[in-house]
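Structural features, examined
Residues per chain are reported as follows:
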Amino acid sequence: DLQAEGCDHLLLKSAGEFPYHSDNFDLLVRESDLSQIDHLLRQAGYVYIFHYREDYKLIYKLFRHGRMISIMHLHPEISWGVECFLDIDDVWQNRRRSPLHDFFEVPAAEDSFLTAMAHGLYENDRFKIGDYIKACSVITPSFDWKRVRAISSSLGWEKGLDIILGTMTAFADRFDLPSPVPPASTRNYYAGRVKSAESFPLNYSLPRTKLLFFRKMLLNPTTSLSRKARNIVV
């Protein structure tokens, strides 16, 4: 038990209101605990996959009789590649017990929503029906939309958030479903494609998502010019 050893951790990708469907465990951990967690996982039989490493993700795998039975991803930040998408101190401050499984601590509803939506646009480059289901399950009357917008704006990806919200609104309109999100505040580039799509997932335009990623890098006020240049090159 990492908590018993004094290592804070939050379960990502599942959290709370929507069930866990990932083929691996994603844990948000504190960077200062990485060495201790590495020791604990190795004691439990996990192997550190050293040849695959992103700036903010470490991978461990557990094998039994030559077969992999578990994958653990450790994240000191909520990021893709070199870019962080949430204020990590704020995530820790607003954490809570999972309403589904009291054993786990998870991010706040707003942070879970932002993580899932950013993953779909910036990592998977597509909109899935599951994204709509996740949004419906996590958004309640107490959901803080001002906080959601403030977080995305403060880290340079408000434009991406608007595209996500617009796509979801268009999806709800097409199938006469209730929209869990407020109207997007910018032009929805994908309304036509959502309306004409013969199947889902709906792939976003890859050049557009990559331009959105570079745009986020440039607008992110938390990184220096030298860091922005490094991130773009990497």
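Look a little higher up for the structure.
Predicted model only: the values in this text are computed from it and were never measured. (Residues numbered from 1 in each chain as written. Predicted model: local features only at pLDDT ≥ 70, side-chain atom pairs only at ≥ 80, totals over all residues. Heavy atoms only, no water.)

**Some details on the environment of Ile71**
How we decide: Helix and strand definitions here come from DSSP, where helices need a minimum of 4 consecutive H or I residues and strands a minimum of 2 consecutive E residues; each element is numbered from the N-terminal end. Each residue's exposure class comes from its accessible area (1.4 Å probe, protein chains only) as a fraction of the maximum for that residue type: buried when under 20%, exposed when over 50%, partly exposed otherwise. In this analysis, two residues are considered to be in contact whenever any of their non-hydrogen atoms come within 4.5 Å of each other.
Position of Ile71 among the secondary structure elements: in strand β5 (residues 67-75). Residue classification places Ile71 among the buried residues on the basis of a relative accessible area of 12%. Counting along the chain gives 70 residues from Ile71 to Pro141, while the straight-line C-alpha distance between them is 35 Å. Residues in contact with Ile71, not counting those within four places in the same chain, are Asp23, Asn24, Phe25, Ile59, Tyr60 and Lys61.

**Considering the pairing of strand β4 (residues 57-64)**
Counted only if it meets this: One bridge is not enough; two strands pair if DSSP finds at least two bridges between them.
Examined bridge by bridge, strand β3 (residues 46-54) and β4 share five bridges and lie antiparallel to one another. Across the sheet, residue Tyr46 finds its bridge partner in β4, namely Leu62. With seven bridges connecting them, β4 and β5 associate as antiparallel partners. Across the sheet, residue Ile59 finds its bridge partner in β5, namely His73.

**Details of the pairing of β5**
The side chains of a regular strand alternate, first on one face of the sheet and then on the other. Here strand β2 (residues 25-29) pairs with β5 via four bridges, running parallel. Within β5, the residue paired with Asp26 across the bridge is His73. The hairpin turn running from β4 into β5, its antiparallel successor, is two residues long, and His65 in that turn takes a positive phi close to 55°.

**Points about the packing of aromatic side chains**
The cut-off we apply is this: The aromatic pairing rule takes the rings of Phe, Tyr and Trp, using the six-membered ring of Trp, and pairs them if the centres are within 6.5 Å, calling planes under 30 degrees apart stacked, those over 60 edge-to-face and the rest tilted. Any Lys NZ or Arg CZ found within 6 Å of a ring centre and within 35 degrees of that ring's normal is scored as a charge over the ring.
Following the criterion strictly, the structure yields 16 aromatic pairs and no others. Both rings, one in Phe85 and one in Phe213, keep their centres 6.2 Å apart while their planes meet at 50°; by these two values the pair is tilted. Of the two residues, Phe85 is situated in the loop between β7 (83-84) and α2 (88-93) and Phe213 in helix α8 (residues 206-219); the sequence distance between them amounts to 128 residues. Of the two residues, Phe85 and Phe213, neither departs from the other in class, the shared state being buried. On the numbers, 5.6 Å between centres and 85° between planes, the contact of Phe113 with Phe143 is edge-to-face. In this pair, Phe113 is assigned in helix α3 (residues 109-123) and Phe143 in the loop between α4 (129-138) and α5 (145-154), connecting sequence segments 30 residues apart. Site record: aromatic cluster; members linked through ring pairs are Trp80, Phe85, Tyr122, Trp157 and Phe213. Just above the ring of Trp92 sits the side chain of Arg30; from NZ or CZ to the centre is 4.2 Å. Above the ring of Phe85, the side-chain terminus of Lys216 is found at 4.9 Å from the ring centroid.

**Focus on the pattern of salt bridges**
Once their charged atoms are close, side chains differing in charge can pair, the charge on each being opposite to the other. Put simply, the rule reads: By definition, a salt bridge exists where a carboxyl oxygen of Asp or Glu is found within 4 Å of a side-chain nitrogen of Lys or Arg.
As enumerated under the stated definition, the model contains 11 salt bridges in all. Between Asp8 and Arg30 there is a salt bridge, with its nearest N and O atoms 3.0 Å apart. Of this pair, Asp8 sits in the segment before β1 (9-11) while Arg30 is found in the loop between β2 and α1 (34-43), placing the two residues 22 residues apart along the sequence. A residue is classified by how much of its surface remains accessible, and Asp8, at 16% relative accessible area, is buried. Among the ionic pairs, Arg95 bridges to Asp8, the shortest N-O distance being 3.6 Å. Here Asp8 lies in the segment before β1 and Arg95 lies in the loop between α2 and β8 (96-97), a separation of 87 residues in the sequence. A network of salt bridges, in which partner residues are shared, links Asp8, Arg30, Arg95 and Glu105.

**Quick look at the sheet that holds β3**
Keep this limit in mind: Only the contacting stretch of a helix is used when fitting its axis, a line to C-alpha atoms as for every element, and angles between N-to-C directions run 0 to 180 degrees.
An order of β1-β2-β5-β4-β3 is seen for the five strands of this open sheet, with the pairing classed as mixed. Bordering the open sheet on either side are β1 and β3, each of which pairs with just one other strand. In this sheet, neighbouring strand axes are inclined to one another by 30° on average, regardless of whether the strands run parallel or antiparallel.

**Quick look at the side chain of Lys57**
One can find Lys57 in strand β4. When residues no more than four places from it in sequence are discounted, the contact partners of Lys57 are Tyr52, His73, Leu74 and His75.

**Re the nonpolar core**
Worth spelling out the cut-off: What we call a nonpolar core is a set of buried Ala, Val, Leu, Ile, Met, Phe, Trp, Tyr and Cys residues that are connected through their side-chain atoms within 4.5 Å.
Counting 47 residues, the largest nonpolar core has Phe113 and Trp157 as the members making the most contacts within it. If you list the elements that add at least two residues to this core, you get α2, α3, α4, α5, α6 (158-174) and α8. Setting aside residues up to four positions removed in sequence, Trp157 forms contacts with Phe85, Leu114, Ala118, Tyr122, Ile151, Ser152, Ile164 and Lys216. One finds Leu41, Tyr46, Tyr48 and Val106 within the second-largest nonpolar core, a separate group that totals 17 residues.

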